Amino acid sequence: MNVIEVNHLVKRYKGTRTPSVDNINFSVEKGEFFAFLGPNGAGKTTTISILTTTLSKTSGEVKIAGFGINKDARKVREKVGIIFQRPSLDLQLTAEENIRFHACLYGVCGYRPAFKLMPAAYKEKVLELADVVGIKDALFKPMKKLSGGMQRKLEIVRSLIHTPEVLFLDEPTQGLDAVSRRSLWEYINTVRNQYGTTIFLTTHYIDEAEGADRVCIINHGKIAACSSPDELKTVLLKHELILDAKDRNALTAELSTLGLPYTVNSHIAVPYEGTAQALISKLNTELTVLKTHEPTLEDAYIEFLKKTGGDIQ
Amino acid sequence: MSEQLLIKRKSRFLREMNAVIAVMAREITVFFKSPGTIAMSLVMPIMFMGMIGGNLSQNMASGLEFGFAKFMLVGMLINMLFMVTCTGMSSLVDDHETDFNQEMLVSPVSRYSLVVGKIFGASFGAIVSMAGTLIVGLIMGITLPLIQLLMILALSPLVCLAGGAMSMILIGLIKSRKTANFAVILITMPQMFLSGAIVPINHSTGVLMILSRLMPMTYCLDLTRAVVYSGTEEYKSVVMFNPIVNFAAIALLTTVCLIIGTFFYAQSEKNR
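First things first, this report covers the structure right here in the doc. (Residues numbered from 1 in each chain as written. Chains lettered and ligands numbered in written order. Predicted model: local features only at pLDDT ≥ 70, side-chain atom pairs only at ≥ 80, totals over all residues.)

## Considering the overall build of chain A
At step 1: From N to C terminus, chain A includes ten helices and 14 strands.
At step 2: Within chain A, counting contacts between residues at least 6 apart in sequence, those at least 24 apart form 71% of the total. (Helix = DSSP H or I, 4+ residues; strand = E, 2+ residues; numbered from the N terminus. Contact = placed C-beta atoms within 7 Å.)

And the structure:
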């Protein structure tokens, strides 16, 4: 069952000639981890803004959890959670006050003027989430005293407090340290497994999309590719052996004789199909370096942008 | 109507009320955390009631059919509610600049709940200013009986709602703090002079008369004075319209302003 359906979506901002999102189509299944990648200005945030009803579309049809974003905007908003690209916190409140405000707007619980007076279920969930992302000690501090990373973590807690059906993450780990990034993803995966939450991610850290069920690359407002990370890597990249020898000339001569293509950088990279063993067994030159290189999604993404003329950041 | 539908509507209404309270509580929390705002709420009465009002009392009070001091005090109280509510509403522009508007607009509550919550939140500062105005009035020797003060207090949510709704027409469209500050002056200053807050407008004619009739504050003031002067000889000289007319005009203007202002607020973020 599709939880997100996008058909012929177009967005043209006022005063611009070319559309930022140009007739895109895709769907996301319930419980799927969907990554939306693309260079800056490709149309990722515009698409997320339309899907979360904060931006109007020019044309096309979008349904979230079966509800149209224009006709049933309120129902769509009930189903989604979002971490915006830019922090959207009230810096004059404490961290917990920001969460409480959000929880009340989403009907999680009735408003009370102090954390102590809030329902037990709310307090437990806030403390649990804050513990997971490591901001438990900062929960009652003024926002101004929290670092950028801490504020980002708070936004994550806030977006999960109403247990959304679809969670939109617009570059959620920007500004987070490596440890926080890892703990955040562990938690997001737990939420996904526990509640079947659909994840819609845009990110500049391509490695974060490695675990996605499906990756869509958007470029110049159009969907350029859409498949699983493994398929994308298979189509775009080959496995490589990284070799080197004391007598580098002998090695390159041998590779040429065998009709194997190679590139020379710091070492010699030899793309191969099948097994690495089959290639190595053909070589007689004594090797000093022997490594296999598994292509990453990031390699595939960069390769794709090179081929399609995208702007590589 | 089926029972299920009734329960659904009741639950929806309670949820909207909860959102109004949450937005209002946020404004009040922020008010207490901003020493500058508290100071301004207390300084404004000194400036308006003490300086402008005091000067007018000394120089304009003679030759009138009613006591000017009381007339001016009631005018200043309503003016303060209007002005501070409008100023408070301009914090919507700050919310836009800090992207907090996105957080509010992506939530599954009515945009009217967000705006009404904001207005009632802003009116908290207005009531603090109203209290400040009373204290300045007390120092100047101008007082009102307790029962009349309570009546004004009872009317204050309506006055604040009217002021906040009116300010939304401009604030809903504005995206920069600088422009918002200018807009607040543009909204509040003409009303202070044309609605009869400090100068009687019974004899206004032409454009000034038309403008005064278009301003919600004119009716808020007249309704409040009708309540305060009820049963006194001065009533006829001070009050211009029947209280029912005032109430109807406030309801109409507030509804129209609220609908237009909320539309502008929601659409200006969405339609880019």
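## Here's the deal with the overall build of chain B
At step 1: Secondary structure summary: chain B contains twelve helices and zero strands in total.
At step 2: Listing each helix as α and each strand as β along chain B from the N terminus yields α-α-α-α-α-α-α-α-α-α-α-α.
At step 3: A compact globule built from 272 residues should have a C-alpha radius of gyration of about 19 Å, and chain B, at 19 Å, falls within 12% of that.
At step 4: For chain B, the spread of C-alpha atoms along the three principal axes comes to 60 × 45 × 40 Å.
At step 5: The burial tally for chain B puts 49% of its 272 residues in the buried class.
At step 6: Taking the contacts inside chain B whose residues are at least 6 apart along the sequence as the reference set, 82% of them involve residues at least 24 apart. (Rg over C-alpha atoms; globule rule 2.2 N^0.38 Å. Buried ≥ 20, exposed ≤ 12 C-beta atoms within 10 Å, placed from the backbone.)

## Description of helix α1 (residues 44-51) of chain A
Residues and elements named next belong to chain A.
At step 1: Across the eight residues of α1, eight count as buried, placing the element largely inside the fold.
At step 2: K44, T45, T46, T47, I48, S49, I50 and L51 are the residues of α1 that are buried.
At step 3: T53 sits one or two positions beyond α1 and adopts a positive phi of about 70 degrees.

## Here we look at the environment of A249 of chain B
All names here are of chain B.
At step 1: Relative to the helices and strands, A249 is located in helix α12 (residues 243-270).
At step 2: A249 gets classed as buried once you count the C-beta atoms within 10 Å, which come to 21.
At step 3: Once the C-alpha coordinates of A249 and P145 are considered, the two residues, 104 residues apart in sequence, prove to be 27 Å apart.

## Things to note about the nonpolar core
At step 1: In terms of nonpolar packing, the biggest core is built from 152 residues, with I64, V157 and F200 of chain A together with I78, M80 and L81 of chain B touching the most fellow members.
At step 2: Looking at this core, the element that brings in the most residues is helix α3 (residues 68-89) of chain B, giving 15 residues.
At step 3: When near neighbours in sequence (up to four residues on either side) are disregarded, V157 of chain A contacts I99, L129, A130, V133 and I135 of chain A.
At step 4: Ranked by size, the runner-up nonpolar core spans five residues in total, among them L241, L243, L251 and V270 of chain A. (Core = buried A, V, L, I, M, F, W, Y, C linked by C-beta atoms within 7 Å.)

## Let's talk about the interface of chain A and chain B
At step 1: In this complex, chain A contributes 30 residues to the contact, which on the side of chain B involves 24 residues.
At step 2: Elements supplying a minimum of two residues to the side of chain A that touches chain B: α2 (73-79) and α3 (95-105) of chain A.
At step 3: In terms of residue count, α3 of chain A provides more of the side of chain A that touches chain B than any other element does, five residues in total.

## Some points on the packing of α3 of chain B against helix α6 (residues 111-139) of chain B
Residues and elements named next belong to chain B.
At step 1: Here α3 crosses α6 at 145 degrees, and the two axes come no closer than 7 Å. α3 and α6 meet at a crossing whose hand is right-handed. Contacts between α3 and α6 involve L73, M76, L77, M80, L81, V84, T85, G88 and M89 on the former and, on the latter, K118, I119, A122, S123, G125, A126, S129, M130, T133 and G137.
At step 2: Grouping the amino acids of the contact of α3 with α6 by side-chain chemistry returns eleven nonpolar, seven polar and one charged. (Axes fitted to C-alpha atoms, helices over the stretch in contact; angles between N-to-C directions. Left-handed = near helix turned anticlockwise from the far one by under 90°. Nonpolar A, V, L, I, M, F, W, Y, C, P; charged D, E, K, R; others polar.)

## Describing the sheet that holds strand β14 (residues 287-293) of chain A
Strands belonging to one sheet form pairs held by backbone hydrogen bonds; the direction of such a pair is parallel or antiparallel.
All names here are of chain A.
At step 1: Here four strands make up an open sheet; going across it, the order is β12-β13-β11-β14 and the pairing antiparallel. Every interior strand has two partners, whereas the edge strands, β12 (263-264) and β14, have only one.
At step 2: In terms of strand pairing, strand β11 (residues 239-245) meets strand β13 (residues 268-272) through five bridges, oriented antiparallel. In the strand pairing of β13, L243 is matched with I268.
At step 3: Strand contacts of helix α8 (residues 248-257): β11 and β13, with the helix running at about 140 degrees to β11, the strand carrying the most contacts. (Pairing = 2+ DSSP bridges.)

## Side note on the sheet that holds strand β7 (residues 166-170) of chain A
All names here are of chain A.
At step 1: An order of β6-β7-β8-β3-β9-β10 is seen for the six strands of this open sheet, with the pairing classed as mixed. Where the open sheet ends on each side, the last strands, each with one partner, are β6 (80-83) and β10 (222-227). Neighbour-to-neighbour, the strand axes of this sheet turn through a mean angle of 15 degrees, independent of strand direction.
At step 2: In the sheet, strand β9 (residues 214-219) pairs with β10 via five bridges, with the strands oriented antiparallel. The partner of V215 across the bridge, within β10, is S227.
At step 3: Lying on the sheet, α1 is in contact with β3 (33-37), β7, β8 (198-202) and β9; it crosses β7 at an angle near 150 degrees.
At step 4: Across the face of the sheet, helix α5 (residues 148-160) comes into contact with β6 and β7 while running at roughly 175 degrees to β6.

## Observations regarding unusual backbone geometry
All names here are of chain A.
At step 1: One non-glycine residue, H8, adopts positive backbone phi at about 50 degrees.
At step 2: One can find H8 in strand β1 (residues 2-11).
At step 3: Even without glycine at this site, T53 takes up a positive phi of about 70 degrees.
At step 4: The topology assignment puts T53 in the loop between α1 and β4 (59-64).

## Section: the packing of helix α7 (residues 146-171) of chain B against helix α8 (residues 177-194) of chain B
Residues and elements named next belong to chain B.
At step 1: Where α7 contacts α8, the two axes come as close as 10 Å, and the packing angle between them is 135 degrees. With respect to their mutual orientation, α7 and α8 come out oblique. For the pair α7 and α8, the sense of crossing is right-handed. Residues M166, S167, L170 and I171 of α7 lie in contact with α8, whose contacting residues are A180, A183 and I187.
At step 2: Grouping the constituent residues of the contact of α7 with α8 by class yields six nonpolar, one polar and no charged. (Parallel < 35°, antiparallel > 145°, perpendicular 65-115°, else oblique.)

## Considerations on the pairing of β3 of chain A
All names here are of chain A.
At step 1: In terms of residue burial, β3 counts as a mostly covered element, since five of its five residues are buried.
At step 2: Of the two faces of β3, the one holding F33, A35 and L37 and the one holding F34 and F36 are both buried throughout.
At step 3: Looking at chain direction, β3 and β8 are connected through four bridges and run parallel. Within β8, the residue paired with F36 across the bridge is T202.
At step 4: In the sheet, β3 pairs with β9 via four bridges, with the strands oriented parallel. Among the inter-strand pairings, F36 is bridged to a residue of β9, identified as C216.

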